[in-house]
Amino acid sequence: MTALSHELLTRLEASHRGKLSEEEQQELDADLAKIPGGAEAATEFRQLWQALQSLQAEEQRTKVEEWETSWQATADAEWIELYLSNQLSEENRQRVEQRREQDEAFASQFSDQEKLSAGFSAAKDEHFREQLSQWDEQVSTGDEQEAKVRPMVPRWRRTLGIAATVLLLIVAGLFWNANVNYSDQALADKYYQNPPTGNLMGAGEMSEEAAYQQNFTDAHSAMQFKDYDRARLLFEKLGTTVPPANFSDHDLVYYQDNLDWNLILALLGQNESGGVLQQRLDVILASPNHTYYTQAQRLQEDLDKFWRW
Amino acid sequence: MSKYARDEDRLRELALGGDTAWRAFYDDLRSPFRLFFLKHTSWSNDQVTSLYQDVMVVLHRKVTSGDLAAPLRSSLRTYLFGVGKMLYRKQGGTQNRWEEEIPEVAVPASVEDRIAEQERAAWVRDLLNRMDGKCREILEMVYLRGFSMEAVAEDLQLSGAGSARKRKFDCLQRMRKLINSAN
């Protein structure tokens, strides 16, 4: 059996790891060729190294599978949470719904978790309401003014001509109202709010975060300038970008919800109030925990107003 | 200072091969990884979990072999997603627009063929079991746990990295003899 020198084995191992240049590889092949049985020996060593790598991978896989078992106890809870916070693809949402129908224990856990989640959401709203009241108290310095209510006195003595004019004005008013207040773009304007940008809750690598933040700010600038084409493009791009590594779970939800909602408004701004928009709106409406759930409900009401038809 | 200094510190910790560091890394990245693939693909819970495990195995190999080392060009998380994207594609995942945002990361072909990998692993485990304790120990340290030669020398109280390397090659030659004796 041919033995290879340690120097040759060092080079052979480097070659196996892909660390040799083309020139170095040619030199090694030439040196192996000079030794009787050198090529066969090299093949056997490569075989050993590959097998050792396989063993390493298999052992690591066993460990990883053990680690995963500790997550199993919370697997369903995580699955439900992702569903409730609208973080699942359509196929996965359907899987959850199917399992609710078929698995009684899962359905019960789902129901409990949904109640808890709604409770947390309500508590958060309540806390915010209290905060608003406090701000309100701080702002009003005691000079409260009572609103004067003037009772309307109906005037019945109208001539037919005046009635017709009024009717005409009402119809014209409805058209004006529909155009000015309920057109797609008017609704996009009405519901759009510029979020505070420029800071994040997490800490860490600035470049990835800064790039994400910049795109986020650009998308909102486009909204403010009513450049809805660009806004839509940027929000869609952000929606498919891997969020920065240092984002906390809270950051992830904040940004994702903001993207979901503003993409809808950008679509409205583009006068695309058809199926695509409705689909996206339905996703938020199906998720009471979504940050923009209430706004989505109001928008749906506005979209359904009869004068938009 | 590197843009990814914090990740590079973590990478150095992972390169030492300790289970505690890898376990913490597994737990930290599990939720974001799953969340991303459950949201942006049609893959089920089990498929995504299995994908994450495959990704961890690939990353472990890349880190312990020194293929992935500082300075980093992206965060570890982005790199992990890159491995995930490649495996997702190789395992038949449908093309998605989000893929453009994630870097391409080469994945060793051997990882894809589980059966062949298991056979090779069983074969070499048998060879290791037939070796004397000292050789088995050093080969496991180097090839399974990713120890550097310096770390092996320190652990086995050898005179230095050169001495450890010599012993490693002697043991590899003996292992090769076992292949031939078995044939």
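Note that this is a predicted model, so its numbers are computed, not measured.

How each quantity is defined
- Residues numbered from 1 in each chain as written.
- Chains lettered and ligands numbered in written order.
- Predicted model: local features only at pLDDT ≥ 70, side-chain atom pairs only at ≥ 80, totals over all residues.
- Helix = DSSP H or I, 4+ residues; strand = E, 2+ residues; numbered from the N terminus.
- Buried ≥ 20, exposed ≤ 12 C-beta atoms within 10 Å, placed from the backbone.
- Contact = placed C-beta atoms within 7 Å.
- Nonpolar A, V, L, I, M, F, W, Y, C, P; charged D, E, K, R; others polar.
- Expected span 1.5 Å × (residues − 1).
- Core = buried A, V, L, I, M, F, W, Y, C linked by C-beta atoms within 7 Å.
- Arc of directions from axis to C-beta.
- Axes fitted to C-alpha atoms, helices over the stretch in contact; angles between N-to-C directions.
- Parallel < 35°, antiparallel > 145°, perpendicular 65-115°, else oblique.
- Left-handed = near helix turned anticlockwise from the far one by under 90°.
- pLDDT = per-residue confidence, 0-100.

Here we take up the overall build of chain A. When you go through chain A residue by residue, the secondary structure sums to 12 helices and zero strands. The N-to-C order of helical and strand elements in chain A reads α-α-α-α-α-α-α-α-α-α-α-α. For chain A, buried positions account for 23% of its 309 residues. Here the analysis covers contacts within chain A between residues at least 6 apart in sequence; of these, 63% occur between residues at least 24 apart.

What follows covers the overall build of chain B. For chain B, the count of helices and strands is eight helices and zero strands. Mapped in sequence order, the helices and strands of chain B form the string α-α-α-α-α-α-α-α. Put simply, chain B has 183 residues, and 39% of those count as buried. Put simply, 59% of the contacts in chain B that link residues at least 6 apart link residues at least 24 apart.

One widely used convention gives an interface's size as the accessible area the parts lose upon coming together. The partner chain B presents 51 residues to the 42 residues of chain A that form the contact. Listing elements by their share of the side of chain A that touches chain B, those giving two or more residues are α1 (6-16), α3 (38-84), α4 (90-102) and α8 (206-224) of chain A. When residues in the side of chain A that touches chain B are grouped by element, the largest group, 23 residues, is from α3(A). Here the residues of the side of chain A that touches chain B are counted per class, giving 17 nonpolar, 13 polar and 12 charged.

All names here are of chain B. Its 15 residues place the ends of helix α4 (residues 76-90) 21 Å apart at the C-alpha level, agreeing with the 21 Å of an ideal helix rising 1.5 Å per residue. Most of α4 is tucked away, with 13 of its 15 residues classed as buried. Positive phi shows up at G92, right after α4, with a value of about 90°.

With that settled, consider unusual backbone geometry. Looking along the chain, the bond that leaves A70(B) and enters P71(B) is cis, with omega of 0°. As for its position among the elements, P71(B) is in the loop between α3 (45-64) and α4. For N86(A), which is not a glycine, the phi torsion comes out positive at approximately 60°. By the secondary structure assignment, N86(A) is in the loop between α3 and α4. With a phi close to 55°, Q157(B) is a non-glycine residue in the positive phi region. With respect to the helices, strands and loops of the structure, Q157(B) is situated in the loop between α7 (149-155) and α8 (161-182).

Here we take up the nonpolar core. By size, the foremost hydrophobic cluster in this structure holds 40 residues, and its most contacted members are F37(B), L51(B), V55(B), L59(B), L80(B), V83(B) and L87(B). If one sorts the elements of this core by residue count, α3(B) sits on top with nine residues. One finds L9(A), A121(B), L128(B) and M175(B) within the second-largest nonpolar core, a separate group that totals 27 residues.

Moving on, we come to helix α1 (residues 5-15) of chain B. Residue and element names in this part refer to chain B. Three or more residues of α1 are buried, namely D7, L11 and L14. Projected down its long axis, α1 shows its buried positions confined to an angular sector of 60°, all on one face. Its buried side turned inward, α1 meets α2 (19-40), α3 and α4. Directly after α1, the chain includes G17, whose backbone phi takes a positive value near 85°.

When you line up the elements, D31(A) lands in helix α2 (residues 22-34). In sequence terms D31(A) and L8(A) are 23 residues apart; their C-alpha atoms lie 8.4 Å from each other.

Attention shifts here to the packing of helix α7 (residues 184-191) of chain A against helix α10 (residues 249-269) of chain A. Residues and elements named next belong to chain A. Relative to each other, α7 and α10 sit at 150°, their axes nearing to 7 Å. It follows that α7 is roughly antiparallel to α10 by the angle criterion. The handedness of the crossing between α7 and α10 comes out as left-handed. Together, D184, Q185, L187, A188 and Y191 of α7 and L265, L268 and G269 of α10 make up the contact between the two elements. Grouping the amino acids of the contact of α7 with α10 by side-chain chemistry returns five nonpolar, two polar and one charged.

A word on the confidence of the model for chain A. Taken as a whole, chain A shows an average pLDDT of 80; of its residues, 80% reach a score of 70 or greater. At the level of individual helices and strands, chain A shows its lowest average pLDDT in helix α6 (residues 160-182) of chain A, which scores 57, and its highest in α4(A), which scores 95.

Right, let's get into the confidence of the model for chain B. When pLDDT is averaged along chain B, the result is 88, and 93% of the positions lie at 70 or above. For this predicted complex, the interface confidence comes out at an ipTM of 0.86, alongside a pTM of 0.60.

Let us now look at the packing of α1(A) against α2(A). Residues and elements named next belong to chain A. Running from N to C, α1 and α2 point in directions that differ by 130°, and their axes come no closer than 11 Å. As judged from the angle between their axes, α1 and α2 are oblique. Every pair of crossing elements has a handedness; the one defined by α1 and α2 is left-handed. Two secondary-structure elements touch here, α1 through L8, R11, L12 and S15 and α2 through Q25, L28 and D31. Looking at the contact of α1 with α2, its residues break down into three nonpolar, two polar and two charged.

Looking now at the environment of F120(A). Residue and element names in this part refer to chain A. With respect to the helices and strands, the residue F120 is situated in helix α5 (residues 104-139). Given 11 C-beta atoms within 10 Å, F120 falls into the exposed group. Distance in space between the C-alpha atoms of F120 and N289 is 9.1 Å, their sequence separation being 169 residues.

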